[in-house]
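Each chain is listed here by its residues.
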Amino acid sequence: MDIESSTTTDPAATGLREAKKRETRQLISDRATGLFMAQGFERTTIAEIADAARVAKKTVTNYFPRKEDLALDHQDEFVTGLARAVAAREPGESAFVALRRAFLTAVAAHDPVAGFAGPEFTRMITESPTLSACLRGLHDQREQALAVALAAAAGAAPGDITARTAASLLAGVHRVLFRRILDLTLAGHTNPEIAAVLEPEATRAFALLEPALADYARA
């Protein structure tokens, strides 16, 4: 980020620079994704991505330090999503109810972060050992972030065993349902078809946890 004196900074110029950075980042991401889907993640090089985006290799790595970041550029949103749903729960709403509501809303919206990424992108992820391993790591990070949020919501100490157990159970349901979306996508189902299957399946999956967690971390 540019660091300039507050007395010399031109807000309009700063805004244009930031907009240009966002455009460049999106361009690199789009070109990389196209190459990954066309020829595979492992076979695509940073040099090819730079050529496709008409930027220097250094520019690519400045925006995306790891090659995996080019394919999974919404990973921050993925990792923090469950924790944010807990923090944003409505008055009187438990963490369980908030998470179930948020997931069903994501299914109805065909949210890519929930797994509705289309067949080509889904195939790119599942056929790449590197990206599959990265995705497993992101699921683990999401569970850890959820555990921290649940402990805070319940007024418990960090690392509280109840919060950690609840996070494992709730993140586990999300992990299973995420994989279900990927499998249905690879089987050739459209997003509306997948959503129609997932809504009742998700309801049943969450119901398994309801007796234990329905009132946990109520706002």
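See the structure above.
In this report, the structure presented in the accompanying data block is examined. None of the values given here were measured: they were computed from a predicted structure.

### Description of the environment of E93
So, point 1. Mapping E93 onto the fold places it in the loop between α5 (75-87) and α6 (95-108).
So, point 2. For E93, a relative accessible area of 9% gives the class buried.
So, point 3. Separated by 48 residues in the primary sequence, E93 and T45 have C-alpha atoms spaced 47 Å apart.
So, point 4. If near-sequence neighbours (up to four positions away) are discounted, E93 is found in contact with A98, R101, A217, R218 and A219.
So, point 5. One polar contact links E93 to R101, side chain to side chain, over a distance of 2.8 Å.

### Side note on the pattern of salt bridges
So, point 1. Per the stated rule, a full pass over the model turns up nine salt bridges.
So, point 2. Residue D183 is joined to R179 by a salt bridge in which the shortest nitrogen-to-oxygen separation is 2.9 Å. In this pair, D183 and R179 are both assigned in helix α9 (residues 161-186), four residues apart and thus about one turn of the helix distant.
So, point 3. Taking the relative accessible area as the measure of exposure, R179 reaches 39% and is therefore partly exposed.
So, point 4. A cluster of three or more residues bridged by salt bridges with shared partners is formed by R66, E68 and D69.

### Overview of the packing of helix α7 (residues 119-126) against α9
So, point 1. Their axes nearest at 9 Å, the elements α7 and α9 cross at an angle of 115 degrees. Along this stretch, α7 crosses α9, giving a crossing that reads as left-handed. Seen from α7, the contacting residues are P119, T122, R123 and T126; seen from α9, they are R179, L182, T185 and L186.
So, point 2. Taken together, the residues of the contact of α7 with α9 break down into three nonpolar, three polar and two charged.

### Quick word on unusual backbone geometry
So, point 1. Backbone geometry places R54, a non-glycine residue, at a positive phi of 60 degrees.
So, point 2. For R54, the location among the structural elements is in the loop between α2 (46-53) and α3 (57-63).
So, point 3. Overall, R54 belongs to the exposed group, its relative accessible area being 80%.
So, point 4. Despite not being glycine, A217 shows a phi value in the positive range, around 55 degrees.
So, point 5. Locating A217 in the fold gives a position in the segment after α11 (210-213).
So, point 6. For A217, a relative accessible area of 8% corresponds to the buried category.

### Focus on the side chain of D69
So, point 1. By secondary structure assignment, the location of D69 is in helix α4 (residues 67-71).
So, point 2. Residue classification places D69 among the buried positions, given a relative accessible area of 14%.
So, point 3. Leave out the neighbours within four places in its chain, and D69 touches F64 and Q75.

Parameters and conventions
- Residues numbered from 1 in each chain as written.
- Predicted model: local features only at pLDDT ≥ 70, side-chain atom pairs only at ≥ 80, totals over all residues.
- Heavy atoms only, no water.
- Helix = DSSP H or I, 4+ residues; strand = E, 2+ residues; numbered from the N terminus.
- Buried < 20%, exposed > 50% of the residue type's maximum accessible area, 1.4 Å probe, protein only.
- Contact = heavy atoms within 4.5 Å.
- Polar contact = N/O pair within 3.5 Å; in protein donor to acceptor, adjacent residues only side chain to side chain.
- Salt bridge = Lys/Arg side-chain N within 4 Å of Asp/Glu carboxyl O.
- Axes fitted to C-alpha atoms, helices over the stretch in contact; angles between N-to-C directions.
- Left-handed = near helix turned anticlockwise from the far one by under 90°.
- Nonpolar A, V, L, I, M, F, W, Y, C, P; charged D, E, K, R; others polar.

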